[in-house]
Amino acid sequence: MTEASTVFTMEKIKQLASKNRTIFVINNEVYDVSKFLDEHPGGEEVLQEHAGKDASETFEDVGHSSDAREMMVKFKIGELCESDKKALQSKKDKNKASATTSISDNFSTYKSGIISVVVAFIVTYIYSFYI
């Protein structure tokens, strides 16, 4: 498998994917699954929609079996170039930071809502003694 040492840029992967080939990146490795489309248990559409892209997150989220991971070896055609590896990692780190910020913002909003409700109950309770 001499092709496995080939280094691809994301731009080249996008170009190849636009030529009716189903090529994508999973964990910095480049796969051409064009010949596997009919066999994929999840259907060919799910593979085709990731053509020319980084499919790592989707692949991991599905929870593929060890058999599926072993099967991938025969479809590996190379690796992603270092600069694109760094760019993808930077994008993933930025997405994680954004998700963390969003969660803390949501918690802060939730906390403010709880405090408002508690204050309203206390005011109502105190007011009921004076009426």
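Computed from a predicted structure; not experimentally measured. (Residues numbered from 1 in each chain as written. Predicted model: local features only at pLDDT ≥ 70, side-chain atom pairs only at ≥ 80, totals over all residues. Heavy atoms only, no water.)

### Remarks on the overall build of the chain
Part 1 of the argument: Counting its secondary structure elements, the chain contains five helices and four strands.
Part 2 of the argument: Mapped in sequence order, the helices and strands of the chain form the string β-α-β-β-α-α-α-β-α.
Part 3 of the argument: For the chain, buried positions account for 27% of its 131 residues.
Part 4 of the argument: Counting contacts in the chain only where the partners sit at least 6 residues apart, residues at least 24 apart contribute 70% of the total.
Part 5 of the argument: For the chain, the accessible area works out to roughly 9,500 Å², and carbon and sulfur atoms hold 57% of it. (Helix = DSSP H or I, 4+ residues; strand = E, 2+ residues; numbered from the N terminus. Buried < 20%, exposed > 50% of the residue type's maximum accessible area, 1.4 Å probe, protein only. Contact = heavy atoms within 4.5 Å. Areas by Shrake-Rupley, 256 points an atom, 1.4 Å probe, with all protein chains shown as cover.)

### Description of the UniProt feature "transmembrane region" (unreviewed entry) in the chain
Part 1 of the argument: The UniProt record annotates "transmembrane region" (unreviewed entry) at residues 112-130.
Part 2 of the argument: Helix makes up 100% of residues 112-130 and strand 0%, with an end-to-end C-alpha separation of 28 Å. (UniProt positions renumbered as here; feature names shortened; annotations may be inferred.)

### Looking at the side chain of Thr22
Part 1 of the argument: With respect to the helices, strands and loops of the structure, Thr22 is situated in the loop between α1 (10-17) and β2 (23-26).
Part 2 of the argument: Setting aside chain neighbours within four positions, we find Thr22 in contact with Tyr31, Asp32, Val33, Ser34, Leu37, Leu47, Gln48 and Ala51.

### Considering the pattern of salt bridges
Part 1 of the argument: Across all of its chains, the model carries six salt bridges by this definition.
Part 2 of the argument: Residue Glu29 is joined to Lys76 by a salt bridge in which the shortest nitrogen-to-oxygen separation is 3.3 Å. Of this pair, Glu29 sits in strand β3 (residues 29-32) while Lys76 sits in strand β4 (residues 76-80); the two residues are 47 residues apart in sequence, bridging distant segments of the chain.
Part 3 of the argument: On the basis of relative accessibility, which here comes to 17%, the residue Lys76 falls in the buried class.
Part 4 of the argument: Between Glu79 and Lys85 there is a salt bridge, with its nearest N and O atoms 3.7 Å apart. (Salt bridge = Lys/Arg side-chain N within 4 Å of Asp/Glu carboxyl O.)

### Details of the side chain of Lys85
Part 1 of the argument: Tracing the chain through its elements places Lys85 in helix α5 (residues 82-130).
Part 2 of the argument: Excluding anything up to four places from it in sequence, Lys85 contacts Asn28, Glu79 and Leu80.

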